[in-house]
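# Understanding the architecture of this molecule
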Amino acid sequence: MEKPNLTIASSPHIRSSESVQSVMRDVLIALAPAAIASIYFFRTGAIINIISSIVGAVLAEYLMQKILKKPITINDLSAVVTGLLLAFNVPASAPWWMTFVGGFFAIAVAKQLFGGLGMNFMNPALVARALLLASWPVQMTAWTLPITKSVDIVSTSTPLAFIKQSDVVQRTGIMDMFLGNIPGSLGETSALLLILGGIYLIYRGVITYVIPAVYILTVAILAYAFSGFDSSMIMYNVFGGGLMLGAFFMATDYATSPLTVKGQIIYAFGCGLLTSVIRYFGGYPEGVSYSILLMNVCTPLIERQVRPRVFGEVKKNEK
């Protein structure tokens, strides 16, 4: 009788067809519509910054892995995703070399120096954005007007810059923010396309709805409360700025967000709370990036407090 072939190995025994490359490919597909929209609205500036950021990130991945004598993994597309996300966080008017430096820093320092993919404790793209904003604040806040806007209504401020003014809704229409016809970073091009990209990721099982839903809902409720119960400010805060980009693509990063549902709810609520506080009471009009970075740091503590009980463990002796 022929004996069956048995493979004796340690866990895990459940295999999945998913890989890092397939997950990152799905993320790129989800980001593609917004990237195309940014090119439509900002033309050459968007193309140059997207390319320079991705090249900087991929080059850093290759060089750091060569220096550290690690396997070269640029084919897994994770560096490409980081570069594209960083490009979404800079204005179209930013010089190419600045975005290149940001992409290089995101991978070389915020990712590879901490051990590589899955070992970073903060989102690399947001770390790089914080570096660029601290180093070149003028270039990072020089907003470019979309080509679809007439010259006689040029404004160098993003919609959130007017958040404390009473005529805020008149300055920028809700529909313009929803479609992306506003000045701002490349990732503020279209809330609609970012939402569609997020739905695609949920459908593919790359992310769950928990973090985006709790994050966006928290911002909506607090915007209503902080604005003196002005219902028009709900949509303004939800569609303005980088909330959709942060909620669907930044806050859901596997390495920097909690694994448990309870932890994800606490984490997303913290992101929404910090975003709203910075927007309404801080000196900077946008708070998405800093709120996510701060909650990234809190993730290990959140996981420690909400981790499920392990059954069968020996009870600790009481002294």
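For the structure itself, consult the block above.
Below is a short write-up of the structure. All of these numbers come straight from a predicted model, not from anything done at the bench.

Within the fold, Ser 185 resides in the loop between α8 (174-179) and α9 (191-204). For Ser 185, a relative accessible area of 5% translates into the label buried. With residues up to four places along the chain from it excluded, the contact list for Ser 185 reads Phe 42, Phe 88, Asn 89, Val 90, Pro 91 and Trp 143.

Core analysis: the largest hydrophobic core is formed by 73 residues, its most contacted members being Phe 88, Tyr 215, Phe 249 and Ile 292. Top contributing element to this core by residue count: helix α1 (residues 20-42), with 11 residues. For Phe 88, the residues in contact, after removing those within four places along its chain, are Leu 31, Ala 34, Ala 35, Ser 185, Leu 186, Gly 187, Leu 194 and Leu 245. By size, the runner-up hydrophobic cluster in this structure holds six residues, among which are Ala 57, Ala 60, Met 64 and Ala 108.

The next subject is the layout of surface pockets. In this structure, the largest pocket encloses a volume near 530 Å³. As for the largest pocket, its lining consists of 26 residues, of which Val 23, Met 24, Leu 117, Asp 253 and Tyr 254 are closest to the centre. Counted by class, the lining of the largest pocket contains 16 nonpolar, seven polar and three charged residues.

For the rest of this paragraph, the subject is the pattern of salt bridges. Any two side chains of opposite charge can pair, on the condition that their charged atoms come close. What the rule picks out here adds up to two salt bridges. Between Arg 204 and Asp 26 there is a salt bridge, and its shortest N-O distance comes to 3.2 Å. Taken together, the positions of Arg 204 in helix α9 and Asp 26 in helix α1 put the pair 178 residues apart, joining distant regions of the chain. Of the charged contacts in the structure, one is a salt bridge between Lys 111 and Glu 61, with a shortest N-O distance of 3.2 Å. Of this pair, Lys 111 sits in the loop between α4 (96-108) and α5 (124-135) while Glu 61 sits in helix α2 (residues 44-67), and the two are 50 residues apart along the sequence.

In this section: α2. Compared with an ideal rise of 1.5 Å per residue, which puts 24 residues at 34 Å, α2 spans 34 Å between its outermost C-alpha atoms and is within 8% of the ideal. Where α2 terminates, the next one or two residues include Lys 69, which has phi positive at roughly 55°.

This part takes up the packing of helix α13 (residues 261-281) against helix α14 (residues 288-306). At a minimum axis distance of 9 Å, the contact between α13 and α14 shows a crossing angle of 150°. Here α13 lies roughly antiparallel to α14, going by the angle between them. The hand of the α13/α14 crossing is right-handed. Contacts between α13 and α14 involve Lys 262, Gly 263, Ile 266, Tyr 267, Gly 270, Cys 271, Leu 274, Thr 275, Ile 278 and Arg 279 from the first element and Val 288, Tyr 290, Ser 291, Ile 292, Leu 294, Met 295, Asn 296, Thr 299, Ile 302 and Val 306 from the second. Grouping the constituent residues of the contact of α13 with α14 by class yields 12 nonpolar, six polar and two charged.

Here we come to unusual backbone geometry. Trans is the common state for peptide bonds, and a negative phi is the common state for residues other than glycine. One non-glycine residue, Leu 77, adopts positive backbone phi at about 70°. With respect to the element layout, Leu 77 can be found in the loop between α2 and α3 (78-87).

Our focus in this paragraph is the packing of aromatic side chains. Under the counting rule described, the total for this entry stands at nine aromatic pairs. Ring geometry for Trp 97 versus Trp 136: centroids 5.3 Å apart, planes at 80°, classification edge-to-face. Of this pair, Trp 97 sits in helix α4 while Trp 136 sits in the loop between α5 and α6 (137-140), placing them 39 residues apart in sequence. For the pair Phe 100 and Phe 104, a centre-to-centre distance of 6.4 Å together with 35° between the ring planes defines the contact as tilted. One end of the pair is Phe 100 and the other is Phe 104, both in helix α4 and four residues apart, which spans about a single turn. Overall, Phe 100 belongs to the partly exposed group, its relative accessible area being 23%. Within the aromatic cluster, the residues linked to one another by ring pairs are Trp 96, Phe 100 and Phe 104.

Looking at the secondary structure, you find Asn 237 in helix α11 (residues 232-239). Overall, Asn 237 belongs to the buried group, its relative accessible area being 1%. In this structure the side chain of Asn 237 is engaged in a polar contact, spanning 2.8 Å, whose partner is the backbone oxygen of Met 233.

Looking now at the environment of Leu 301. Topologically, Leu 301 is positioned in helix α14. Taking the C-alpha atoms as reference, Leu 301 lies 9.6 Å from Gly 263; in sequence the two are 38 residues apart.

About the criteria used
- Residues numbered from 1 in each chain as written.
- Predicted model: local features only at pLDDT ≥ 70, side-chain atom pairs only at ≥ 80, totals over all residues.
- Heavy atoms only, no water.
- Helix = DSSP H or I, 4+ residues; strand = E, 2+ residues; numbered from the N terminus.
- Buried < 20%, exposed > 50% of the residue type's maximum accessible area, 1.4 Å probe, protein only.
- Contact = heavy atoms within 4.5 Å.
- Core = buried A, V, L, I, M, F, W, Y, C linked by side-chain atoms within 4.5 Å.
- 1 Å grid on protein atoms, 1.4 Å probe; cavity = no way out; pocket = protein on both sides within 12 Å on 5 of 7 lines; lining within 4 Å.
- Points joined across faces, edges and corners; volume = space filled by probe spheres on them.
- Nonpolar A, V, L, I, M, F, W, Y, C, P; charged D, E, K, R; others polar.
- Salt bridge = Lys/Arg side-chain N within 4 Å of Asp/Glu carboxyl O.
- Expected span 1.5 Å × (residues − 1).
- Axes fitted to C-alpha atoms, helices over the stretch in contact; angles between N-to-C directions.
- Parallel < 35°, antiparallel > 145°, perpendicular 65-115°, else oblique.
- Left-handed = near helix turned anticlockwise from the far one by under 90°.
- Phe/Tyr/Trp six-rings, centres within 6.5 Å; stacked < 30°, edge-to-face > 60°.
- Polar contact = N/O pair within 3.5 Å; in protein donor to acceptor, adjacent residues only side chain to side chain.

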